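Coordinates in review
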Amino acid sequence: MPNIIVIPEGKICDYIDGKFRNDTPEEYVRQNIEKRLVNEHKYAVERIAVEFGIRIGSSKRRADIVIFSAGAARSQENIQLIIECKKETVGPGDRKDGVGQLKSYMSSCANCEWGMWTNGRHKEVLRKVFGDTGAVEFAEFNDIPSADGRVEDIDRPQRQTLKNAVEDNLLFVFKACHNHIYVTDGMQKQPAFFELLKVIFCKIEDEKNIGKPLEFYATSGERSNPDGQLTVKNRIAAIFEGVKKKHAHIFEKNDAIDLHARSLAHVVSEIQKYSLLDTNIDIKGKAYEELVGANLRGDRGEFFTPRNVMRMTVQMLAPTFDDKVTDPACGTGGFLVVAMNQVIDQVQSLYEEENGVKKQHWSVAQNRNFQNRIADIAQTNFFGFDINPDLAKATKMNMVMNNDGSGNIFRTNSLLPPHAWDAEFRENLTRSLDIPASALRNSDCLGLFDVVVTNPPFGSRIPISESGILEQYELGHIWRNQDGHWTKSDRLRSSAPPEQLFIERCLQLLKPGGRMGIVLPDSILGAPGLGFIRQWLTEKMRIIASIDLHVDTFQPRNGTQTSVLILQKKTAEQIRREEKTRNMADYPIFMTMVDHIGHDKRGNPQFKRDADGSEILRPVVGEIAPGGASDLAGAVTVESREKISDDQTGDVVDSFKRWREKEGLSW
């Protein structure tokens, strides 16, 4: 591996100065802030110093991060901004390490105008000003200024100055906002979560209102006084009225943002600087899905799939913009979001080719046409079902945050026979699929999708025992083993784990030749008593690939050993031919094991190490736009170093693509 740098055990390599420092919770906060300063705020690395000595009276202290005036020498008198980073357990009122420490540092630096104190969950930004008597005072602001120094953008961002979040900074903001609502408004965690999502919807709607000034903002002055807070609440309430009209399938007409004006102004001020539309899907996905998991995780075998596994599965299935895609147990919608964004990338490439220019240089009209095309694809080709009403609602919101595919997310029990589905659900589904309402008569009429991708709930604690459900599935019957061959009887099983029935429901949902990616417990693939499932599976489907996942894949919440199966539904002609000849077609299967999943059993990230067991770094060179999120004019090159995730899922995709081409598969 070229240009690798070895990191000693228990150390990290600082993003700014490259020095090795102890890997602590406080350092985790500081490294995310450092990346934000460079990538979001566009400060040149040369202006930033870490652990810089500051003289306070007769003593000398070390400030976590300082930023010097542009072009000035690196000395105390030239410090423009000071940042103090603490671990989560240290509060802003702490006598030793709280905001008071930051104020003393700023007071000792004559030309330091700005300061920020943060523990990753709470942030305070101060601007040093001088009162009428000449005494030092500290005014609270929403955020620190960016490198261009435009203070007005702190209070009211412009479209061109919205920032793409980096690393875990969006996760920090979401957690901090949720915690603020939880504490300030006295709400339980779940209601606080849904109130935060209403505000996020308003932010996205405001960003989509291209051609008009942004209205989602709270100035520092508004945030700090009751009249200003009410002004913010009225401004956001007006946006929410438009949200309700556009997303009537999510919100009721009488819904309102049920937050105190003070709390709402704070949340708006924290979120307003980011572009939720343009921020990288994985950064948004991690922030959103961790928040959902912390507040909506139920007890029905719901263990949300890691993003790297979702990405691997979707890339192996390779959906196109012509494919109809569904997840019949969609949870937070992660699989659908990943699939939809893969399709968006395809459409963007086509539009760039047609327009002869990259997306960041498109006109307003070109951007609007592109967004309309994406919304059309999302509304006609992506479908998700979940039995949990809160998860179904959260999925709709997740899809909206990722380019507006919320219309076809429905709350229903996917395992029910079609005739037992709720009338409103049947009507909505058939209308979205553009088929007659009478078309969904029974389980034989469900083959409407090109791609099914899912991680169904599984476990013996949530068995399906209703005969009305079991009777529609061959796998809901008792099978007899006769000399190694299984035969289905007419008798129903007393109960069946849901994942077994989901396999068959997913098959029913596929068109002939359609493809499926499904996460299953390894017992289905190896337990002697479940041989009938494996026989049934090979009779109905071609097994394209089997990926054995690491035992820690779903840790820290679940240690079940799982695999991902990539399957293709056989046509009726293929099945008849094999039944007639009593000879199943012989074909190769792509099989591999993921020995490294990128995290340990506690959920902590794992990184690649050298032969001596030390973590390694690789150099990264990228372009940072000094202007807004989509402005590459005058971009500067930034060199940094990053750890290499010990994750083999990307390698699996690369190997599978080569194998697929060699075997001449049809997708």
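Description of the structure in this document.

Conventions and cut-offs
Residues numbered from 1 in each chain as written. Predicted model: local features only at pLDDT ≥ 70, side-chain atom pairs only at ≥ 80, totals over all residues. Heavy atoms only, no water. Phe/Tyr/Trp six-rings, centres within 6.5 Å; stacked < 30°, edge-to-face > 60°. Helix = DSSP H or I, 4+ residues; strand = E, 2+ residues; numbered from the N terminus. Buried < 20%, exposed > 50% of the residue type's maximum accessible area, 1.4 Å probe, protein only. Lys NZ or Arg CZ within 6 Å of the ring centre and 35° of its normal. Pairing = 2+ DSSP bridges. Axes fitted to C-alpha atoms, helices over the stretch in contact; angles between N-to-C directions. Contact = heavy atoms within 4.5 Å. Salt bridge = Lys/Arg side-chain N within 4 Å of Asp/Glu carboxyl O. Polar contact = N/O pair within 3.5 Å; in protein donor to acceptor, adjacent residues only side chain to side chain. Parallel < 35°, antiparallel > 145°, perpendicular 65-115°, else oblique. Left-handed = near helix turned anticlockwise from the far one by under 90°. Nonpolar A, V, L, I, M, F, W, Y, C, P; charged D, E, K, R; others polar.

**Re the packing of aromatic side chains**
- Under the defined criterion, the tally for this structure stands at 19 aromatic pairs.
- A centroid spacing of 5.2 Å and a plane angle of 85° characterise the contact between Phe201 and Phe251, whose relative ring orientation is edge-to-face. Of this pair, Phe201 sits in helix H5 (residues 189–208) while Phe251 is found in the loop between helix H7 (226–246) and helix H8 (261–271), placing the two residues 50 residues apart along the sequence. Pair check on accessibility: Phe201 and Phe251 agree, each one buried.
- Ring pairing ties together the aromatic residues Phe385, Phe410, Trp421 and Phe425, which thus form one cluster.
- In this structure, Arg235 packs its charged tip against the face of Tyr217, placed 3.8 Å from the ring centre.

**A word on the sheet that holds strand E19 (residues 590–593)**
- Here 8 strands make up an open sheet; going across it, the order is E12-E11-E10-E13-E16-E18-E17-E19 and the pairing mixed. Here the strands that pair on one side only, and so sit at the sheet edges, are strand E12 (409–411) and E19. Strand-to-strand twist in this sheet, taken as the mean axis angle between neighbours without regard to direction, amounts to 15°.
- With respect to the sheet, helix H12 (residues 364–381) is in contact with strand E10 (325–327) and strand E11 (382–386), its orientation differing from that of E11 by roughly 45°.
- Each of strand E17 (541–548) and strand E18 (562–569) is contacted by helix H18 (residues 531–540), which is oriented at about 125° to E17, the strand it contacts most.

**Notes on the sheet that holds strand E8 (residues 123–130)**
- Overall, mixed pairing links the 6 strands, which are arranged E4-E5-E6-E7-E8-E9 in an open sheet. The strands lining the two open edges of the sheet, one partner per strand, are strand E4 (48–56) and strand E9 (136–141). Strand-to-strand twist in this sheet, taken as the mean axis angle between neighbours without regard to direction, amounts to 35°.
- As judged from the 4 bridges shared by strand E5 (residues 59–68) and strand E6 (residues 79–85), these two strands associate in the antiparallel manner. Along E6, the bridge assignment pairs Ile67 with Leu81.

**What to know about the pattern of salt bridges**
- This model, assessed by the stated rule, comprises 36 salt bridges.
- Notably, a salt bridge pairs Asp14 with Arg21, separated by 3.1 Å at the nearest N-O pair. The same class applies to Asp14 and to Arg21, which are both buried.
- For Lys198, the salt bridge identified is with Glu195, shortest N-O distance 2.9 Å.

**Looking at the side chain of Asp153**
- Tracing the backbone shows Asp153 in helix H3 (residues 152–155).
- Polar side-chain contacts of Asp153 include one of 2.7 Å to the side chain of Arg150.

**As for the packing of H5 against helix H9 (residues 281–296)**
- In contact at an axis separation of 9 Å, H5 and H9 are set at 150° when each is read in the N-to-C sense. Put simply, H5 runs roughly antiparallel to H9. Regarding H5 and H9, the two cross each other, and that crossing is left-handed. Counted together, Lys189, Gln190, Phe193, Phe194, Leu196 and Leu197 of H5 and Tyr288, Leu291, Val292, Asn295 and Leu296 of H9 form the full contact between these two elements.
- Of the residues in the contact of H5 with H9, the class split is 8 nonpolar, 2 polar and 1 charged.

**Details of unusual backbone geometry**
- A cis amide bond links Gln555 to the next residue, Pro556, at an omega of 15°.
- Looking at where Pro556 falls in the secondary structure, it is placed in the loop between E17 and E18.
- For Glu167, which is not a glycine, the phi torsion comes out positive at approximately 50°.
- Even without being a glycine, Asp434 presents a positive backbone phi close to 60°.

**Notes on the pairing of E5**
- In terms of strand pairing, E4 meets E5 through 8 bridges, oriented antiparallel. When the bridges of E5 are listed, Val50 appears paired with Ile65.
- In sequence, E4 turns back onto E5 through a hairpin of 2 residues, with Gly57 there showing a positive phi of about 65°.

**Overview of helix H14 (residues 423–433)**
- For H14, the complete set of buried residues consists of Phe425, Arg426, Asn428, Leu429, Thr430 and Leu433.
- Taken together, the buried residues of H14 touch E11, E12 and strand E13 (449–454).
- Of the residues flanking the start of H14, the one acting as N-cap is Asp422, its side-chain oxygen 2.9 Å from the backbone nitrogen of Glu424.
- Asp434 lies just past H14 and shows a positive phi near 60°.

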